[in-house]
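# Coordinates in review
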Amino acid sequence: MKRAGCLFLSFIAVAPAATAAFYFLSPGSETDGSARPSASASAHSPEQDRSAAERRADDKMIASLPPGLAGPRKKELAQQIVASAENSTLDWRSAYGYIEDIGDGQGYTAGIIGFCSGTHDLLTLVERYTKAHPDNGLARYLPALRKVDGTDSHEGLDPGFPAAWKNEAAQQAFRAAQDEERDRVYFDPAVRLAKLDGLGTLGQFVYYDAMVFHGPGTGPTGFYGLREATLKEADSPSQGGKEGAYLDIFLDLRRKAMRTTKAGIDTSRIDTAQRQFLYDGNLSLKTPLTWQVYGETYRVP
């Protein structure tokens, strides 16, 4: 099964150290993270409300913690688990050249984390890549990408853009650009906030996968909205709550949000993967690890 859904966001993130993610929504959509973001509205990470001194204190505290999901082996494992749900494979690197329109209203879905031509993040990736590598094979499509941003249109992209994407994905520089954008926009902010909430490696992954799937919306089906809803029902570990109970509620709310976004959607990335890790008491996300997504079994020794 290819891709459970595209990312429900469009935004420009600032440096991960501040974990502030600004994103702009497309006209006529909601700001709840379940629909394409509007060009006139914006939302931000909760950390933007913190002072510079508070963020420096956070940085110091995080630096004193174990690497958790940010450690090389755990980060590799995280990409494998996400790829099992997003591309039905553990070989996440095979998705650099992936591109297709999956009919979800977001235009082309492409690359290792599902950048979409209709949700601004694919445009941002190509713009940043072109700034560093002006002569790349995707640069000529920038005017068309800007025009279709916020829509499902292929105008100006067909028939050549998919082939150009696949060709560029053979370049190490473009693969590195995809890695950098994934970390800047999704991985680093999610892991940082999870650590501030007192969550271990599994909890950090739970936040990361939710950020990938739902995007950083502040409404009821966006990542930040889901976190706020969870905090209304349970204290995070940093507030004195129990980690297992907190994550159980977060996953409950996330599962409901997935089905709110799309009725009948397969939620096995939660039910027989993350929830199973939690019920097994594997808060450190230790290997060997076995899970199921869409009925397929995956194992990491």
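Structure first, text after, so check above.
What comes next is a walk through the structure. (Residues numbered from 1 in each chain as written. Predicted model: local features only at pLDDT ≥ 70, side-chain atom pairs only at ≥ 80, totals over all residues. Heavy atoms only, no water.)

## Structural notes on the pattern of salt bridges
The full count for this structure, using the stated rule, is 19 salt bridges. When the shortest N-O distance is used, the salt bridge between Glu76 and Arg93 registers 2.9 Å. Here Arg93 lies in the loop between helix H2 (72–86) and strand E4 (99–100) and Glu76 lies in helix H2, a separation of 17 residues in the sequence. Classification of Arg93 as partly exposed rests on a relative accessible area of 41%. A salt bridge links Glu228 to Arg227, with the nearest nitrogen and oxygen atoms 3.1 Å apart. One network of salt bridges, with partners in common, ties together Lys75, Asp179, Arg182 and Asp183. (Salt bridge = Lys/Arg side-chain N within 4 Å of Asp/Glu carboxyl O. Helix = DSSP H or I, 4+ residues; strand = E, 2+ residues; numbered from the N terminus. Buried < 20%, exposed > 50% of the residue type's maximum accessible area, 1.4 Å probe, protein only.)

## Observations regarding the packing of aromatic side chains
What describes a pair of aromatic rings is the distance from one ring centre to the other and the angle between the planes of the rings. Going through the model one piece at a time under the given rule, you end up with 14 aromatic pairs. Relative to Phe174, the ring of Tyr129 has its centre 4.8 Å away and its plane inclined at 50°; by these criteria the two rings are tilted. Within this pair, whereas Tyr129 is found in helix H3 (residues 121–132), its partner Phe174 is found in helix H6 (residues 172–196), the two being separated by 45 residues in sequence. Take Tyr129 and Phe174: they sit in the same class, and that class is buried. (Phe/Tyr/Trp six-rings, centres within 6.5 Å; stacked < 30°, edge-to-face > 60°.)

## Overview of helix H10 (residues 268–279)
The α-helix winds at 3.6 residues per turn, so residues separated by three or four positions along the chain end up facing the same way. Taken together, the buried positions of H10 are Ser268, Arg269, Ile270, Ala273, Gln274, Arg275, Phe277 and Leu278. Turning to H10, the residues buried within the fold contact H2, helix H7 (201–214), helix H9 (243–261) and strand E7 (289–293). Backbone geometry just after H10 places Gly281 at a positive phi near 75°. (Contact = heavy atoms within 4.5 Å.)

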